[in-house]
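Each chain is listed here by its residues.
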Amino acid sequence: MSEKTPLLHYRLTCNTGPELTDTVVKMDEDDRRAEDQTSRKLGVVFGVVIPTLLAMFSVVVFLRIGFVVGQAGLYQSIAMFLVAYFIITMTVLSVCAISTNGALDAGGAYYMISRALGPEFGGSIGIMFFLANVCGSALYILGLVEAIMPTFGVPKGSLHHVLPSGYWWFLLYGTVLLFLCFIVCLVGAHIYAKATFVIFIIVVTALASIFISFFTVAPVGVILPDTSALNSTSMSTANYTGFRLHTLESNLFSNYTVDYTTDAMMSFATVFAVMFNGCTGIMAGSNMSGDLKNPSYSIPRGTLAAVLITFIAYSLLSLLAAWSCDRYLLQRDYSFLGDINIWPPMVTLGIYSSAMSAAMSNLIGASRILYALSKDNLFGGCLALAKKTSQSGNPWVSVLVSWLLVYFSPLCHLKIVGKKGLYKSNYRG
């Protein structure tokens, strides 16, 4: 009996006679082996490392590093990263243990858990994973629209502010962005891998420009965004000092204050909650298990490599920000990395690219989980259509269903934003 046999079929036939079982299972395995040869094309780097890095290098790396260091100080920031990465490392090690303990098919974490704990736990966890990916994709699309509008929205009056605002316009922009993600995921995993590689190059270039800027940009006064003026006596500028020992000493310890975007008092718990969001995304590579040439080899090595790289990057960014930026700048301008960059539009491209890649990652992850659920026959004929695949092995019906659910999930939020005028972003283009 193979672990790639549909879950209920596996359970129902495990006690039958050996001749009948072997005949039925052999036919299933032959069909699946033929599918695997056409659909499994991705290796460690394109299938696991790059998707996981992009999922973990979210907008947090561009817009919340200053927030974390400015509020918590360098010591507590490093402590937060150590705690967060200890948590996710334990999860990654569990995934590694399961992924190397048997054959893997489409469905990622759902597939591994369902084979270890059975269909009862597997089905419920699979539904939660699927809905979480759907909501995550919708959230990233909305976040991308929010990041685009301050830069290109009409009210600013500059030549590049050309996009009209309003509920229907916001809905149109979100629809176009989500449709682009849908086209990439619909074509197949190989196109998705190429698209994420292009986005990865953009994000890495943006991060490289940030690191270079810390060493090349001279000390300068930064004009703070209008929304940071909590009262009439607030300063309108803050200093980027360059590497100064005095600046580092002043940023070592915590100084929790009111967040200028929400007017809420910050604490260790609230800052950790925001920071921890940037450490998630470790399942992005596992969700591609059905498209990997050797998932038992690729998932452990690729995920652990991505975790190590992001930890080093986050720690270095925290140190450089604490060493070179006045605390008032860190607390009152979350987009300071663009303000002190050698080419500010590069950071803007990094924000757009990371949000777009996260939306695609969640969309294709949701489709793979739905496809795995349908193959296991846990819900009878409800998911029968989701089993259909293209000639290349891409589950296009699952992609279509996931896209429709993502499209309709954010409409309520968009309606509130459009009608009540709550559209507000702390990012300055």
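Residues numbered from 1 in each chain as written. Predicted model: local features only at pLDDT ≥ 70, side-chain atom pairs only at ≥ 80, totals over all residues. Heavy atoms only, no water.

What follows is about the side chain of Ser353. Here Ser353 is to be found in helix H15 (residues 345-375). Residue Ser353 is classed as buried on the basis of its relative accessible area, which comes to 10%. At 2.8 Å, the side chain of Ser353 and the backbone oxygen of Leu349 are in polar contact. With residues up to four places along the chain from it excluded, the contact list for Ser353 reads Ile199, Ile202 and Val203. (Helix = DSSP H or I, 4+ residues; strand = E, 2+ residues; numbered from the N terminus. Buried < 20%, exposed > 50% of the residue type's maximum accessible area, 1.4 Å probe, protein only. Polar contact = N/O pair within 3.5 Å; in protein donor to acceptor, adjacent residues only side chain to side chain. Contact = heavy atoms within 4.5 Å.)

Take the packing of helix H5 (residues 65-99) against helix H11 (residues 268-276) next. At a closest axis distance of 9 Å, the pairing of H5 and H11 adopts a crossing angle of 60 degrees. By the angle between their axes, H5 is oblique relative to H11. Judged by the twist between their axes, the crossing of H5 over H11 is right-handed. The residues of H11 that touch H5, namely those facing Phe67, Val68, Gln71, Ala72, Gln76, Met80, Phe81, Val83, Ala84, Ile87 and Ile88, are Phe268, Val271, Phe272, Val274, Met275 and Phe276. Partitioning the contact of H5 with H11 into residue classes produces 15 nonpolar, two polar and no charged. (Axes fitted to C-alpha atoms, helices over the stretch in contact; angles between N-to-C directions. Parallel < 35°, antiparallel > 145°, perpendicular 65-115°, else oblique. Left-handed = near helix turned anticlockwise from the far one by under 90°. Nonpolar A, V, L, I, M, F, W, Y, C, P; charged D, E, K, R; others polar.)

All right, on to the packing of helix H3 (residues 44-56) against helix H9 (residues 189-216) then. Two elements in contact, H3 and H9, have axes separated by 10 Å at closest approach and are oriented at 45 degrees. In terms of their interaxial angle, H3 and H9 are classed as oblique. Handedness of the H3/H9 crossing: left-handed. Note on element contacts: H9 touches H3 through Tyr192, Ala193, Thr196, Phe197, Ile199, Phe200 and Val203, opposite Phe46, Ile50, Pro51, Leu53 and Leu54. Considered class by class, the residues forming the contact of H3 with H9 number 11 nonpolar, one polar and no charged.

Turning to the UniProt feature "transmembrane region" (unreviewed entry) in the protein, a few remarks are in order. UniProt annotation of "transmembrane region" (unreviewed entry) refers to residues 42-66, 78-104, 125-148, 168-189, 196-224, 264-284 and 304-323 when read in the numbering used here. Measuring from the first to the last C-alpha atom of residues 264-284 gives 32 Å, for a span that is 43% helix and 0% strand. (UniProt positions renumbered as here; feature names shortened; annotations may be inferred.)

As a further point, take a nonpolar patch on the surface. A grouping of Val83, Phe86, Ile87, Met90, Leu93 and Leu304 is seen on the molecular surface, where their side chains present a nonpolar patch of about 520 Å² in accessible area. Residue contributions to the nonpolar patch peak at five residues, all from H5. Along the chain, the position of Val83 falls in helix H5. The class for Val83 is partly exposed, based on a relative accessible area of 42%. (Patch = residues over 30% accessible without salt bridge, like charges linked within 9 Å, V, L, I, M, F, W, Y side chains within 5 Å. Areas by Shrake-Rupley, 256 points an atom, 1.4 Å probe, with all protein chains shown as cover. Salt bridge = Lys/Arg side-chain N within 4 Å of Asp/Glu carboxyl O.)

Ala109, Tyr110, Tyr111, Met112, Ile113 and Ser114 are the residues of helix H6 (residues 109-117) that are buried. Of the residues flanking the end of H6, it is Gly118, one or two places downstream, whose phi is positive at about 100 degrees.

Backbone geometry places Asp263, a non-glycine residue, at a positive phi of 60 degrees. Mapped onto the secondary structure, Asp263 falls in the loop between helix H10 (245-250) and H11. On the accessibility criterion, Asp263 (57% relative accessible area) is exposed.

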